[in-house]
Amino acid sequence: MKKTFIKSLALATTFLGLSAFSAHADRLPAKVINFEPLNSINVDGIAEIIDATPDGNTLLYTDSELHKIGIIDITDPMQPILSSIPVDGEPTSVSITPDGRYALAAVWLNKPEEGEAPPHMNTPGALVVIDLDTKIIIDNIDIGFHPDSVKATEINGKTVVVVAIENEPVILDEAGLVTGNDEPGHPDDISDPGYIQVVYLDTENPAATQVIDISLQGVLNSDEGFLFVDDPQPEFVDIHGTTVAVSLQENNGIAIVDLAGDQPALSHVFSMGRVGNRSADLAEDDMISFSQQYPADVLGEEAFAGLRFPDGIAFSPDGKSILSADEGEMNFTGGRGWSLWSVDGTFRWDDGGRLEKQAVRFSHYPEGRSENKGIEIEGVTTANFGGHPLAFVLSERGSFMAVYSLRNKKHPKLLQTIPTGISPEGVKAIPRRNLVVTASEKSGTINLFKGIHSIYKAPVDKPRLASRSAANPEPWAAISGLAWQRPFHLVGVPDNAMPTAIYQIRTGVPSRFAPVSILHQVTRNNEQAQYDGEGITVDVSVLAPHEPGWWIASEGNAKFGESSYQPNLLVQVDNRGRVLREVRLPADIDSPEGGLIRKNGFEGVAVSTDGNYLVAPIQRQFDDESPDFTRIARLDLQSLSCEDDGDVQTCTGNWNFFFYPLDPTDSSKNWIGLSEIMTIDRDEYAVIERDKKLGSKSKVKKIYTFSLAGLDNNDQIIKTELTDILAAFSPYEKVEGLAMTPDGDIWVGLDNDGGECESRLVNIGRLSDLF
């Protein structure tokens, strides 16, 4: 156990990118052009909007789930210290004053809850003032009902805070109860119009604090392109000097406020119009194909198609431009990227859909969002690093950060895309520390990235996967099974998020990326196959043809009696991807009428060393059996009975089912199950055991070994822990690929849920070293 612990710690340390790092580094690279992962911090709850103290040593983030402001001391970024301050409602944003003495948190105190009576719309929200020396709340200032974004600055020695009071729609049903609908312009919306507030903060004499409202009523004009003129819904705030920009997301516009005078004043508003046509995937069909034109191909049925609906916005470092994250609002809206504007509202540039194509190359394109808003760019910020003006753009649905050079003011240049946690919302650049920090809501992850003056190359044992072609990337995603094929190559198979194919991954060669290509599409009776591929192994069985291919484990769906029922299958494929055989489970185990297997079925496949057996893990327990056990299934290949179905044989055979003991779980909502399996010796196998949680909530991501020697049907397996891989794959859930090279190196892969996060691949070391 001691050796395993030391190995796991070494893995975690290596993955986080440990390198010499000074918390107070004064010398920065002359020109930062890329960023490398430095640390990944999982927090309790979630993480959304993030800010940093001027010295860059302390981060503050909002946690709307646990109603707190999280605090992280990153003086040593590899040894963060976490604490928090509870607040009385849902914190929506946080901003730190330029002198570093105070943090201002916007808090929604009386949020409407679906199915309940609505709160009074005149209930104030709170601007919570936190003393950062004592970590104590020193004041609660009444502000508008639903504050969203907050930004603090200093003007003429005074602390000035700008708050976007969104007042998102509160729509009632016939019984007068709150619904989950937040559609703008709805006739049953009882919310008040949103507006902007400017707070002149006086911490020495709180009674002297002034709160000034800036109304947008009567300002927005439908003839100028604004959509819901009675419902402004201010969203996000940024400030440069005395100029404030506020996005009006649902109105597809931006408001500019001037703070230079004695009183704040609305300068102007401008509409952001519709994006020009760009190629896109507009169909959620488990295929990625940029064969349509957005918005032209949906304009006839979607009136708002192509309207940008900006969320996050940011001034360029010189203050002459505004960058907008064109997230969208309704389906088929947004720019599927980001835009650049002059402060007067003149359009300058947008990415034209090119960022989505880059997302495809790195499998960060979420195909399941094709009929929504694609990659959904939500957050953006800018800063100078070593004199180099940079923009940092977040994809909420693709879970990555794109880094752009703004040196050419007319044509930003994409320098890099890099994975974040799942669903990043907040981003903060800290040039003083040579850091960029992201906050990801779904996984509750704070990622720290360190600026470098060269092109970032991932380590050979943790390569960045990418399609070979940058110009015309071949789509790939959801690698749920791995096997070793030949020197420097892994093969993989996707689950049902993509058409079934045999992927080839080149590893072991120092390169910027590990190329991924489609070796073969899998076909059944000359048609594209669509299995739920959860495991793959090279065919060394007694049934292997002269030119062997692979066995694929396809997971069934256990929808008994329904026309959509799909059985659990072990599928034999030749070396050109043609299906030869499908082997089913016995009918009492898996059938349309019902059986013992649940919807979590086959998760992998391995061939015994003598080639006589296939061994497949069942992810979760059989019906009516204890959740403390699942099953390992073993098929005797010499017992098969087959019938022809075109060119494919459908087969049954003799099976054994062994009890596999699962690790205990701390929650009924956090089940433990099995993922892929591989053969390591005669009757010896290794299997991935994992829970279903993300980030700090995840407790089990391990590899176990076991033997089937001498066991009979329904006997219990004795397992031995090989290694803990939780740190190597944090914060993610679906660790599902497992393969071993002839030299004994073990590769482990992550299923990225069809492009919703990175497809991480890690060489965890040699089998002989792990034992």
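If you're wondering where the values come from, they're calculated on a predicted model, not measured in any experiment.

Rules behind the numbers
- Residues numbered from 1 in each chain as written.
- Predicted model: local features only at pLDDT ≥ 70, side-chain atom pairs only at ≥ 80, totals over all residues.
- Heavy atoms only, no water.
- Helix = DSSP H or I, 4+ residues; strand = E, 2+ residues; numbered from the N terminus.
- Rg over C-alpha atoms; globule rule 2.2 N^0.38 Å.
- Buried < 20%, exposed > 50% of the residue type's maximum accessible area, 1.4 Å probe, protein only.
- Contact = heavy atoms within 4.5 Å.
- Areas by Shrake-Rupley, 256 points an atom, 1.4 Å probe, with all protein chains shown as cover.
- Lys, Arg positive; Asp, Glu negative; His and termini not counted.
- Charge placed at Lys NZ, Arg CZ, Asp CG, Glu CD.
- Phe/Tyr/Trp six-rings, centres within 6.5 Å; stacked < 30°, edge-to-face > 60°.
- Pairing = 2+ DSSP bridges.
- Axes fitted to C-alpha atoms, helices over the stretch in contact; angles between N-to-C directions.
- Disulfide = S-S within 2.5 Å.
- Core = buried A, V, L, I, M, F, W, Y, C linked by side-chain atoms within 4.5 Å.
- Salt bridge = Lys/Arg side-chain N within 4 Å of Asp/Glu carboxyl O.
- 1 Å grid on protein atoms, 1.4 Å probe; cavity = no way out; pocket = protein on both sides within 12 Å on 5 of 7 lines; lining within 4 Å.
- Points joined across faces, edges and corners; volume = space filled by probe spheres on them.
- Nonpolar A, V, L, I, M, F, W, Y, C, P; charged D, E, K, R; others polar.
- Polar contact = N/O pair within 3.5 Å; in protein donor to acceptor, adjacent residues only side chain to side chain.
- pLDDT = per-residue confidence, 0-100.

Looking at this structure, I do not really get the overall build of the protein chain. What am I missing?
A count of helices and strands for the protein chain gives 4 helices and 52 strands. The C-alpha radius of gyration computed for the protein chain amounts to 28 Å, which stays within 12% of the reference 28 Å derived for 771 residues, consistent with globular compactness. Over its C-alpha atoms, taken along the principal directions, the protein chain stretches across nearly 90 × 55 × 50 Å. Scored against the burial criterion, the 771 residues of the protein chain give a buried share of 60%. A sequence separation of at least 24 residues applies to 55% of the contacts in the protein chain between residues at least 6 apart. As displayed, the protein chain offers around 29,300 Å² of accessible surface, 46% of which is attributable to carbon and sulfur atoms. Distance from the positive charge centre (63 side chains) to the negative charge centre (113 side chains) of the protein chain: 10 Å.

Help me understand the packing of aromatic side chains in this model?
Centre distance and the angle of the planes are the two values used to describe a pair of aromatic rings. All chains considered together, the criterion is met by 19 aromatic pairs. Ring geometry for phenylalanine 290 against tyrosine 365: centres 5.5 Å apart, planes inclined by 65°, an arrangement best described as edge-to-face. Remark: tyrosine 365 occurs in the loop between helix H2 (354-361) and strand S24 (377-385) and phenylalanine 290 occurs in the loop between strand S18 (278-280) and strand S19 (292-294); sequence separation between them is 75 residues. With centroids separated by 6.1 Å and ring planes inclined at 25°, the aromatic side chains of phenylalanine 602 and tryptophan 655 adopt a geometry described as stacked.

I tried to follow the sheet that holds strand S5 (residues 81-86) on my own but got confused; where do I start?
Consider a sheet: its strands pair through backbone hydrogen bonds, and that pairing is either parallel or antiparallel. Taking strand neighbours across the sheet as the criterion, the 4 strands line up as S2-S3-S4-S5 in an open arrangement whose pairing is antiparallel. On the outer flanks of this sheet lie strand S2 (50-52) and S5, each paired with one strand and no other. On average, each strand axis in the sheet is tilted by 20° relative to the strand beside it, whichever way the strands run. Examined bridge by bridge, S2 and strand S3 (residues 58-63) share 3 bridges and lie antiparallel to one another. Within S3, the position partnered with isoleucine 50 by the bridge is tyrosine 61.

I keep staring at the pairing of strand S27 (residues 413-419) and nothing clicks. Help me out?
Where a strand is regular, its side chains alternate between the two sheet faces. Counting buried positions along S27 gives 5 out of 7 residues, so the element sits mostly inside the fold. For strand S26 (residues 400-405) and S27, the ladder comprises 6 bridges, and the chain directions are antiparallel. Opposite tyrosine 404, over in S27, you have leucine 414 as the bridge partner.

Would you mind going over the sheet that holds strand S8 (residues 125-131) with me for this structure?
In space, the 4 strands of this open sheet follow the order S6-S7-S8-S9, with antiparallel pairing throughout. Where the open sheet ends on each side, the last strands, each with one partner, are strand S6 (90-96) and strand S9 (136-143). Strand-to-strand twist in this sheet, taken as the mean axis angle between neighbours without regard to direction, amounts to 25°. Pairing between S8 and S9: 7 bridges, direction antiparallel. Bridge assignment links leucine 127 to a residue of S9, and that residue is isoleucine 141.

Could you clarify how one ought to interpret the state of the cysteines in this entry?
Two cysteines joined by a covalent bond between their sulfur atoms form a disulfide. Tallying each qualifying case throughout the model produces 1 disulfide. Each disulfide pairs two cysteine sulfurs, and for cysteine 642 the partner residue is cysteine 651, the sulfurs being separated by 2.1 Å. Classification of the bridge connecting cysteine 642 and cysteine 651 rests on its S-S torsion, roughly 105°, and on that basis the disulfide is right-handed. On the basis of relative accessibility, which here comes to 30%, the residue cysteine 642 falls in the partly exposed class. Residue classification places cysteine 651 among the buried residues on the basis of a relative accessible area of 2%.

Please clarify how the nonpolar core should be interpreted in this entry.
Counting 38 residues, the largest nonpolar core has Trp338, Leu355, Tyr404 and Ile505 as its most contacted members. The contacts of tyrosine 404, once residues within four sequence positions are left out, are Trp338, Trp349, Asp351, Leu355, Pro389, Leu390, Ala391, Val393, Pro412, Lys413, Leu414 and Leu415. Formed by 22 residues, the second largest nonpolar core is a distinct cluster that contains Ala686, Leu722, Ile725 and Cys757.

I tried to follow the pattern of salt bridges on my own but got confused; where do I start?
Proximity of charged atoms lets side chains of opposite charge pair with each other. Scanning all chains against the criterion turns up 28 salt bridges. With its nearest N and O atoms 3.9 Å apart, the salt bridge here joins arginine 101 to glutamate 204. In this pair, arginine 101 sits in the loop between S6 and strand S7 (102-108) while glutamate 204 sits in the loop between strand S12 (195-201) and strand S13 (210-214), placing the two residues 103 residues apart along the sequence. Using a relative accessible area of 64% as the deciding quantity, one classes glutamate 204 as exposed.

Explain empty space enclosed by the protein here, please?
Unfilled space is identified by rolling a water-sized probe across the atoms. Enumeration according to the criterion identifies 1 cavity of 30 Å³ or more in this entry. For the largest cavity, the calculated volume is near 40 Å³. In terms of lining, the largest cavity is formed by Leu465, Ile479, Leu482, Ile505, Gly749, Leu750, Ser759, Arg760 and Leu761. Contributing elements (two or more residues each) for the lining of the largest cavity: strand S32 (479-486) and strand S51 (745-750). A breakdown of the residues in the lining of the largest cavity according to their chemical character gives 6 nonpolar, 2 polar and 1 charged.

I'm lost on the layout of surface pockets in this one. Help?
Space inside the largest pocket adds up to approximately 1,200 Å³. Taken together, 50 residues line the largest pocket, and the ones lying closest to its centre are Glu168, Asp182, Glu235, Glu378 and Glu425. Among the elements of the structure, S6, strand S10 (147-155), strand S14 (234-240) and S24 are those that each provide at least two residues to the lining of the largest pocket. When residues of the lining of the largest pocket are assigned to their parent elements, the largest contribution, 4 residues, is made by S6.

Honestly, the pairing of strand S15 (residues 243-248) in this entry has me stumped. Any pointers?
Burial within S15 is extensive, with 5 of its 6 residues counted as buried. As judged from the 5 bridges shared by S14 and S15, these two strands associate in the antiparallel manner. Residue pairing in the sheet places valine 237 in a bridge with valine 246 of S15. Between S14 and S15, which pair antiparallel and follow one another directly, the connecting turn spans 2 residues, one of which, glycine 241, has a positive phi of 65°. Turn length for the S15-strand S16 (residues 253-258) hairpin, with the two strands adjacent in sequence and antiparallel, is 4 residues, and the turn residue asparagine 252 shows positive phi of about 60°.

Hey, could you run me through the side chain of threonine 209 in this one?
With respect to the secondary-structure elements, threonine 209 resides in the loop between S12 and S13. Given the relative accessible area of 16%, threonine 209 is considered buried. In terms of polar contacts, threonine 209 uses its side chain to reach the backbone amide nitrogen of aspartate 202, at 3.0 Å. Setting aside its immediate chain neighbours within four residues, threonine 209 contacts Ile141, Val199, Tyr200, Leu201 and Asp202.

Would you explain the confidence of the model for the protein chain in this entry?
Interpreting fine coordinate detail is not advised for predicted regions of low pLDDT. Residue-level pLDDT values for the protein chain average 93, and 96% of them are 70 or greater. The low-confidence segment residues 1-29, where pLDDT is below 50, has 50 contacts with residues more than four positions distant or belonging to other chains.

Teacher, can you tell me more about unusual backbone geometry here?
For residues besides glycine, phi is generally negative; the peptide bonds are generally trans as well. Cis geometry marks the peptide bond from tyrosine 294 to proline 295; its omega dihedral reads 10°. The linkage connecting serine 730 with the following residue, proline 731, adopts the cis geometry, with an omega of 10°. Mapped onto the elements of the fold, proline 731 is located in the loop between helix H3 (726-729) and strand S50 (735-740). At serine 423, a position not held by glycine, the phi torsion is positive, near 65°. One can find serine 423 in the loop between S27 and strand S28 (424-430). Positive phi is not limited to glycine here, since asparagine 434 has a value of about 60°. Within the secondary structure, asparagine 434 is located in the loop between S28 and strand S29 (435-440).

What's the story with H2 in this structure? I'm lost.
Along an α-helix, residues three or four positions apart point the same way, because every turn accommodates 3.6 residues. The buried fraction of H2 amounts to 6 of the 8 residues, a majority that puts the element mostly inside the structure. Within the span of H2, buried status applies to Leu355, Glu356, Gln358, Ala359, Val360 and Arg361. Those residues of H2 that are buried lie in contact with S18, strand S22 (337-342), S24, S26, S27 and strand S31 (465-467). Two residues or fewer past H2, serine 363 is found with a positive phi of approximately 55°.

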